[in-house]
Amino acid sequence: MRKADREFTSLNEIADLLRRCDTIRIGISDETAPYLVPVSFGYEQTEGTIAVYFHGALEGRKAELLKKHPLVCVEADICHGFVENGHGGLTCDFESIIGYGSAELISGEAKEHGLRLLLEHCGTPHYKCTPEVTAITAVHRIVLTTVSGKRRFTNHD
């Protein structure tokens, strides 16, 4: 990282950023070009790791690419606004993370757990998915094997 003084690697800080984000982006490999898709998500921090969960259709481009290329990149960010940089220009005050892991299609209790985390993170903790909806929904888990963050912001809340 070019500006190492802005890096953070604490899992607590990374989880805190995820708590405050509403969308993550999943970068998936394709033969012709990278495929980047924004998704709503849930997450958990356990035993020194962070796992993110996201849902989607059982079919389609995302589902097919994840079957062929499960190694993915995960990105999350928060823009706090733009400020003068002290050198005659503007810069963004931000926090972001980038992590890597393999997207795993999960089922059974793990799928129910992932959906529950997703619903809680999206602000609907009491919502219950019907069995019919759950049956046609794909849920993936990505355990982040590598993750780090970067921030540039002057107003630390």
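Everything discussed here concerns the structure shown above.
Residues numbered from 1 in each chain as written. Predicted model: local features only at pLDDT ≥ 70, side-chain atom pairs only at ≥ 80, totals over all residues. Heavy atoms only, no water.

Re the pattern of salt bridges
According to the stated counting rule, one finds 11 salt bridges in the structure shown. Here Arg 25 makes a salt bridge to Asp 77, at a shortest N to O gap of 3.2 Å. Of this pair, Arg 25 sits in strand β2 (residues 24–28) while Asp 77 is found in strand β6 (residues 71–84), placing the two residues 52 residues apart along the sequence. Exposure remark for Asp 77: the relative accessible area of 31% places this residue in the partly exposed category. Two residues, Glu 104 and Arg 141, come together in a salt bridge whose shortest N-O distance is 3.0 Å. (Salt bridge = Lys/Arg side-chain N within 4 Å of Asp/Glu carboxyl O. Helix = DSSP H or I, 4+ residues; strand = E, 2+ residues; numbered from the N terminus. Buried < 20%, exposed > 50% of the residue type's maximum accessible area, 1.4 Å probe, protein only.)

Description of the environment of Tyr 127
Along the chain, Tyr 127 turns up in the loop between α3 (108–121) and α4 (131–135). Put simply, Tyr 127 and Thr 46 are 81 residues apart on the chain and 24 Å apart in space, counted from C-alpha to C-alpha. Look past the residues within four positions of Tyr 127 in its chain and what remains in contact with it is Arg 116 and Leu 119. (Contact = heavy atoms within 4.5 Å.)

Considerations on the packing of aromatic side chains
As enumerated under the stated definition, the model contains one aromatic pair in all. Arranged with centres 6.4 Å apart and planes meeting at 40°, the rings of Phe 41 and Tyr 43 form a pair that is tilted. (Phe/Tyr/Trp six-rings, centres within 6.5 Å; stacked < 30°, edge-to-face > 60°.)

Digging into the nonpolar core
Judged by nonpolar contacts, the single largest core of 27 residues is most densely connected at Leu 18, Ile 24, Ile 26, Val 72, Val 74, Ile 97 and Ile 142. When residues of this core are traced back to their parent elements, those giving at least two are α1 (11–20), β2, β3 (35–39), β5 (49–57), α2 (61–68), β6 and β7 (90–106). With residues near it in sequence (within four places) discarded, Val 72 still touches Ile 26, Gly 27, Ile 28, Leu 66, Gly 99, Tyr 100, Gly 101, Ala 103 and Ile 142. Core analysis: the next-biggest nonpolar cluster, separate from the first, contains six residues, Ala 51, Tyr 53, Leu 115 and Val 139 among them. (Core = buried A, V, L, I, M, F, W, Y, C linked by side-chain atoms within 4.5 Å.)

A few points about unusual backbone geometry
At Glu 47, a position not held by glycine, the phi torsion is positive, near 45°. Mapped onto the secondary structure, Glu 47 falls in the loop between β4 (42–46) and β5.

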